[in-house]
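# Fold and geometry: a report
Now for the letters of each chain:
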Amino acid sequence: MPIITPVTKILGIRVPIVQGGMQWVGVPKLAAAVSEAGGLGILTALTQPSPDALREAIRETRKLTSKPIGVNITLLPSINPPDYQGYARAAVEEGIRIFETAGNNPGPLIKYFKSKGCVVVHKCTTIRHAKSAEKLGVDILSIDGFECAGHPGEDDIGGLVLLARAVKELKVPFIASGGIADARGFAAALALGASGINMGTRFMCTVESPIHQNIKEKIVASTERDTVHIFRTLHNTARVFKNKVSMEVVAIEKRGNAKFEDIKDLVSGARGRLVYEKGDPDIGIWSAGITIGLINDIPTCEELLRRFERETEEIVSGLNKVVFTGESCPVSGRAKL
C-alpha cells in the first residue's frame, strides 16, 4: 500500500522521504537517484562554487530525472558570507520550485521563495524556531532532533520529544529529521505525527552517493558511539565522525577559552572534502549522525526506498497484534483498549 501523507501531496512524490542537503554530498547523481526512487532528492547549493555552477548542477540533474528535485540553502555564520540571494535566484530561474532552508535568519529567503510560488521546507532544532518559521509562511517544517549529523542546536533535545511537541503545537505538516535510518524509525516518526522523514547519513551510504567507497565502508563498520560533538564551547555545536581530527578539536576546547582561530585549520571545509575524495576518514572533519549504528549495507537508492516502504507497511500491520478490543483482550484483569 502506498504511504500517502500531506508531504507526498505537497511535494508530488511517491514516498515521504527527503534526502537532506549535505555539503559535498548533495550533488546531481545522488539527488536524481533519490527522486527517481520516489523520494525528494536535494541539491546542496553551497557545494557548488557559484550560482552559475548551481545552474549547471540543476541542468545536469534534470538530465537524470524528470521527477521533483529540491535545492538546499543553509545560512551559517561566516566571515565572508556566500551569495545566498544569488544562489536562490539562480535556482528559481532554473525552474526549481522546492527549497530546503536552514540556519540563521531565513526570513528574507523564505519571503523571496514564497513570492515566486515555491514550496519551502525549513529545518529547525527547536519548536520555538519552528513556530517562527510557520509564521513566515513555510509549507513544511523539518524537525531536527539531537541525534542528527551536523548542527543539532544547543538545547540537546532528542527527536522523540521534539516530534511529540511538534504535533501538538504546529499547524503545517512536518517531517522528522535526525536519528532515522531504517523502517522502524520511519514507522515511529509517522506514529508520532510526522508526515515523512528526512535522512542524511543513510543516503551517504548508498551506491549513488558521491563519497569514497572507503568512507561508506567505514560507516557500515561503525557504531552509534562513533560520533562526537565539536564547537560545544563556541555555542555552534556540530555532530561529526569521531576521528583523530575531531578528538583534537575536542581536546583544544576542553582546555578552556578556545577561539575559532585555535581550531580553524583543523575544521576547514577543504580538509573535510578530502575525506570524501581520498577515502581517508582521518584527514579532516566529516559529518555523521548516530544512525551509523543502524547502517549495515550500501544499497542503491531504489533498493533502499523500496525496502523502507515494504518494511514500514509490515511494521505498521504488525502493530495490530498488540492492540486488543473488547473481549479479545487475552490477559485477564488487564484494561481493554
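Residue positions are counted from 1 within each chain, in the order its sequence is given. For a predicted model such as this one, the threshold for reporting local features is a pLDDT of at least 70, and the threshold for listing and counting side-chain atom pairs is 80 or more; totals across whole chains, interfaces and linings nevertheless cover every residue. The basis for every side-chain value is the complete set of non-hydrogen atoms in the structure, without hydrogens or water.

In the nomenclature of an unreviewed UniProt entry, the protein chain corresponds to NADH:quinone reductase from the organism Psilocybe cubensis.

### What about the pattern of salt bridges?
Think of a salt bridge as a Lys or Arg side-chain nitrogen and an Asp or Glu carboxyl oxygen that are within 4 Å of each other. All chains considered together, the criterion is met by 17 salt bridges. For glutamate 309, the salt bridge is made with arginine 14, and the minimal N-O distance between the two is 2.6 Å. Highlighted residues: glutamate 309 in helix 14 (residues 301-318) and arginine 14 in the loop between helix 1 (6-11) and strand 1 (17-19), separated in sequence by 295 residues. When a residue's accessible area, from a 1.4 Å probe over protein chains only, is under 20% of the maximum for its type it is buried; when over 50% it is exposed; and in between it is partly exposed. Residue arginine 14 is classed as partly exposed on the basis of its relative accessible area of 31%. Counting from the N terminus, the helices are the DSSP runs of H or I reaching at least four residues and the strands are the DSSP runs of E reaching at least two.

### Details of unusual backbone geometry
In this model, phenylalanine 231 sits at a positive phi of 65 degrees, which is unusual for a non-glycine residue. With respect to the helices and strands, phenylalanine 231 occurs in the loop between strand 9 (227-230) and strand 10 (238-241). Look at phenylalanine 231 and you get buried, because its relative accessible area is 11%.

### Description of the environment of alanine 37
Looking at the secondary structure, you find alanine 37 in the loop between helix 2 (28-36) and strand 2 (41-44). Since its relative accessible area comes to 0%, alanine 37 is described here as buried. Sequence separation of alanine 37 and proline 81 is 44 residues, and the distance between their C-alpha atoms is 34 Å. Throughout, a residue-residue contact means that at least one pair of heavy atoms, one from each residue, lies within 4.5 Å. Sequence-distant contacts of alanine 37, defined by excluding residues within four places in its chain, comprise Arg14, Cys301, Glu302 and Leu305.

### Quick word on the side chain of glutamate 100
Mapping glutamate 100 onto the fold places it in strand 4 (residues 98-103). Those residues within four positions of glutamate 100 in sequence are excluded, and the remaining contacts are Gly20, Gly21, Ile42, Val71, Asn72, Ile73, Val121, Lys123 and Asn198.

### Quick word on the nonpolar core
Definition of nonpolar core: a set of buried residues of the types Ala, Val, Leu, Ile, Met, Phe, Trp, Tyr and Cys, connected through side-chain atoms within 4.5 Å. By size, the foremost hydrophobic cluster in this structure holds 69 residues, and its most contacted members are Val71, Phe113, Leu141 and Phe203. For this core, the element with the highest residue contribution is helix 4 (residues 84-93), accounting for five residues. Phenylalanine 113 has contacts with Ile73, Ala88, Val92, Phe99, Thr101, Cys118 and Val120, leaving out every residue within four places of it along the chain. Core analysis: the second largest hydrophobic core is formed by 14 residues, Val245, Val249, Ala258 and Ile285 among them.

### Looking at the sheet that holds strand 8 (residues 197-199)
Reading across from one edge, 1-8-7-6-5-4-3-2 is the order of the eight strands in this open sheet, with parallel pairing throughout. Of all strands in the sheet, those bounded by a partner on one side alone are strand 1 and strand 2. Averaged over neighbouring strand pairs, the angle between their axes works out to 30 degrees when direction is ignored. As paired strands, strand 2 and strand 3 (residues 69-75) are joined by four bridges and run parallel to one another. Bridge assignment links threonine 44 to a residue of strand 3, and that residue is asparagine 72. The sheet contacts of helix 4 involve strand 3 and strand 4, and relative to strand 3 the element is tilted by about 170 degrees. Axes here mean lines fitted to C-alpha atoms, for a helix over just the part in contact, with angles spanning 0 to 180 degrees between N-to-C directions. Of the strands in this sheet, strand 3, strand 4 and strand 5 (119-124) touch helix 5 (residues 107-115), which is tilted by about 160 degrees from strand 5. Two strands are counted as paired when DSSP detects at least two bridges linking them.

### A closer look at the environment of leucine 141
If you trace the backbone, leucine 141 turns up in strand 6 (residues 140-144). Measuring from C-alpha to C-alpha, the distance between leucine 141 and alanine 37 comes to 22 Å, with 104 residues separating the pair along the chain. Beyond its immediate chain neighbours, meaning those up to four positions away, leucine 141 contacts His122, Cys124, Ala130, Ala133, Glu134, Leu170, Val172, Pro173, Phe174 and Ile175.

### Regarding the packing of aromatic side chains
The aromatic pairing rule takes the rings of Phe, Tyr and Trp, using the six-membered ring of Trp, and pairs them if the centres are within 6.5 Å, calling planes under 30 degrees apart stacked, those over 60 edge-to-face and the rest tilted. By the definition in use, this model includes six aromatic pairs. Between phenylalanine 99 and phenylalanine 113 the ring centres are 3.8 Å apart and the planes differ by 15 degrees, which places this aromatic pair in the stacked class. Here phenylalanine 99, found in strand 4, pairs with phenylalanine 113, found in helix 5; they are 14 residues apart in sequence, far enough to count as distant. Look at phenylalanine 99 and you get buried, because its relative accessible area is 0%. Under the relative-accessibility criterion, phenylalanine 113 is labelled buried at 0%. Arranged with centres 4.4 Å apart and planes meeting at 15 degrees, the rings of phenylalanine 241 and tryptophan 286 form a pair that is stacked. Of this pair, phenylalanine 241 sits in strand 10 while tryptophan 286 sits in the loop between helix 13 (269-278) and helix 14; the two residues are 45 residues apart in sequence, bridging distant segments of the chain. Accessibility expressed as a relative area gives 3% for phenylalanine 241, which makes it buried. Through pairs of rings, three or more aromatic residues link up here, namely Phe99, Tyr112 and Phe113. The criterion is that NZ of a Lys, or CZ of an Arg, lies within 6 Å of the ring centre and within 35 degrees of the ring normal, and then a charge sits over that ring. In this structure, arginine 239 packs its charged tip against the face of phenylalanine 146, placed 5.3 Å from the ring centre.

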